[in-house]
Amino acid sequence: MNDSILNFRFDGLSEREIFDKPYRAGQIFKFIYENCIFDFNDMTNIPLNLRKSLSENFRILSIVESARRTSSDGVIKFLFELDDKNCVESVYLKDKNNRVTFCISSQCGCRMGCAFCKTGDMGLIRNLRADEILSQVLYLYKIMKGDASVVDKYFNIVFMGMGEPLDNLTNVETAISKLIDKKNLGISQTRITVSTCGIADKIEDLLKKFPNITLAVSLNSPEQSEREKMMPVSKKYPLNLLFQELKRLYGVYKNRITLEYVLIKGVNMRRQDVDLLSQIDKDIFHINLIPINVGGDDPRRPSEPEIKSFMDKLTAVGLKVTRRYRRGADINADCGQLFYEKFVEGVV
Ligand code: SAH
Ligand code: SF4
């Protein structure tokens, strides 16, 4: 299989003998990153013989769409096939103001085994390469360009699809460095959110390279024993050490941090949870509540009044709290529902 041209830096590419003129690499990059043309044969002002040798030597995207489902609220979930026939999912989200977010996968599966997450049930199949991560972004960018309702040319990227980004840090960092490169998509770091289950000793590496990135940490419980049950990773990175590190990093990088909190009835919505959460440093952290997404009627999903009451209690103790509304629920495109084996036409 040919190497994806997305793996090349502009400078490295322009030096390749394959090009007849020094400006060709720039033209190719423009076709790919600005015009979303993913077939060399469609690059009309490139000489035919060069298009042919480019096609023989490289490919552009390294994923192939194998299915898509559109939700009644406009969310589109894509299933992409990789070279080895494994699949990953990416989600195209549009808010009520038609602002777009791409939810991108960093791994095929995940080895963190969080009890509430379908991706965790898969175990880790493999890490995605940087070009596979970039391919998802470019593919969704093309969808956005073809979406007449979108006026804003900017979009956000969240690493909240399948996988734990910090468990595949090198490839995720390579992908991010290309995404922010002015010669590629030139996205602002602040538009990129990396969400982690709390692999405390890897966060600084990311912030050192991308100090303006948006960081989200999946907290899900403020109580060590409860969190260990929900998130086995918490045994290795206990809450006290995680918070110590997050505070230290705030001192250095000044990034405010979002704490993601999946609301599970009877588990992490108790008075004692409010009391523990009230001790969190309010200047650094903001809490984002995500009512658990589960298929069908599940007793773990809190009702609307229960969600509101918990949110009010957190606000009352001075915390900054937001709530994530369910999106793409009818196609299982919401958080924690990405699980490709279930993604078969007719089976939701
Ligand atoms: N591995 C990373 C990013 C992917 S998961 C992480 O854990 O942060 C993205 C978010 O989905 C996390 O905040 C996670 O807690 C949340 N999530 C997982 N399963 C969920 C579910 N069933 N319902 C709602 N949110 C869920
Ligand atoms: Fe992995 Fe995140 Fe799911 Fe946990 S919540 S299993 S870390 S993808």
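If you're wondering where the values come from, they're calculated on a predicted model, not measured in any experiment.

**Student:** An account of the packing of helix H7 (residues 200-209) against helix H10 (residues 239-253) is needed here, citing residue identities and associated values.
**Tutor:** It is the contact of H7 with H10, at a shortest axis distance of 9 Å, that shows an interaxial angle of 15°. Here H10 runs roughly parallel to H7, going by the angle between their axes. Two packed elements cross with a definite hand, and for H7 against H10 that hand is right-handed. Side by side, H7 and H10 meet where Ala200, Ile203, Glu204, Leu207 and Lys208 of the first sit next to Leu242, Glu245, Leu246, Arg248, Leu249 and Tyr253 of the second. Of the residues contributing to the contact of H7 with H10, the split by class is seven nonpolar, no polar and four charged.

**Student:** Any chance you could break down the site of ligand 1 for me, citing the residues and the numbers?
**Tutor:** By nearness alone, 20 residues border ligand 1, and Phe116, Gly163, Ser195, Ser218 and Asn293 come closest of all. Contact distances for ligand 1 include 2.7 Å between an oxygen atom and a side-chain N or O atom of Ser195. Ser218 places a side-chain nitrogen or oxygen 2.6 Å from an oxygen atom of ligand 1. Against a free-state accessible area of 530 Å², the protein chains account for coverage of 96% of ligand 1. Looking at the shell around ligand 1, the elements that each hand over two or more residues are strand S10 (192-196) and strand S12 (257-263).

**Student:** A description of unusual backbone geometry should follow, citing residues and the corresponding values.
**Tutor:** Even without glycine at this site, Asn98 takes up a positive phi of about 60°. Relative to the helices and strands, Asn98 is located in the loop between strand S5 (87-94) and strand S6 (100-103). Among the residues examined, Asn98 registers a relative accessible area of 25% and is labelled partly exposed. With a phi angle near 70°, Asn220 is a residue other than glycine that sits in the positive phi range.

**Student:** Run through the packing of helix H6 (residues 169-180) against H7, naming residues and quoting values.
**Tutor:** Where H6 meets H7, the axes come as close as 11 Å, and the angle between the chain directions of the two elements is 15°. The orientation of H6 with respect to H7, classified from their angle, is roughly parallel. Helix-helix and strand crossings are classified by hand; for H6 and H7 the assignment is right-handed. From H6, Leu169, Glu173 and Ile176 reach across to H7, where they touch Lys202, Asp205, Leu206 and Lys209.

**Student:** Outline the site of ligand 2, supporting the account with residue identities and numerical values.
**Tutor:** Around ligand 2, the surrounding shell consists of Cys110, Met112, Gly113, Cys114, Cys117, Gly120, Gly163, Glu164 and Cys197. Considered class by class, the residues forming the shell around ligand 2 number five nonpolar, three polar and one charged.

**Student:** So what's going on with the nonpolar core? Residues and values would help.
**Tutor:** In this structure, Ile32, Tyr92, Phe102, Phe155 and Ile157 are the most contacted members of the largest nonpolar core, which totals 110 residues. Examining the composition of this core, we find that ten residues originate from one element, helix H5 (residues 130-145), more than from any other. Two domains share this core, each providing at least three of its residues, namely domain 1 (3-59) and domain 2 (64-345). Within the second largest apolar cluster, seven residues are counted, among which are Val75, Val91, Cys103 and Met160.

What counts and how
- Residues numbered from 1 in each chain as written.
- Chains lettered and ligands numbered in written order.
- Predicted model: local features only at pLDDT ≥ 70, side-chain atom pairs only at ≥ 80, totals over all residues.
- Heavy atoms only, no water.
- Axes fitted to C-alpha atoms, helices over the stretch in contact; angles between N-to-C directions.
- Helix = DSSP H or I, 4+ residues; strand = E, 2+ residues; numbered from the N terminus.
- Parallel < 35°, antiparallel > 145°, perpendicular 65-115°, else oblique.
- Left-handed = near helix turned anticlockwise from the far one by under 90°.
- Contact = heavy atoms within 4.5 Å.
- Nonpolar A, V, L, I, M, F, W, Y, C, P; charged D, E, K, R; others polar.
- Near = heavy atom within 4 Å.
- Polar contact = N/O pair within 3.5 Å; in protein donor to acceptor, adjacent residues only side chain to side chain.
- Areas by Shrake-Rupley, 256 points an atom, 1.4 Å probe, with all protein chains shown as cover.
- Buried < 20%, exposed > 50% of the residue type's maximum accessible area, 1.4 Å probe, protein only.
- Core = buried A, V, L, I, M, F, W, Y, C linked by side-chain atoms within 4.5 Å.
- Domains from an automatic or database assignment.

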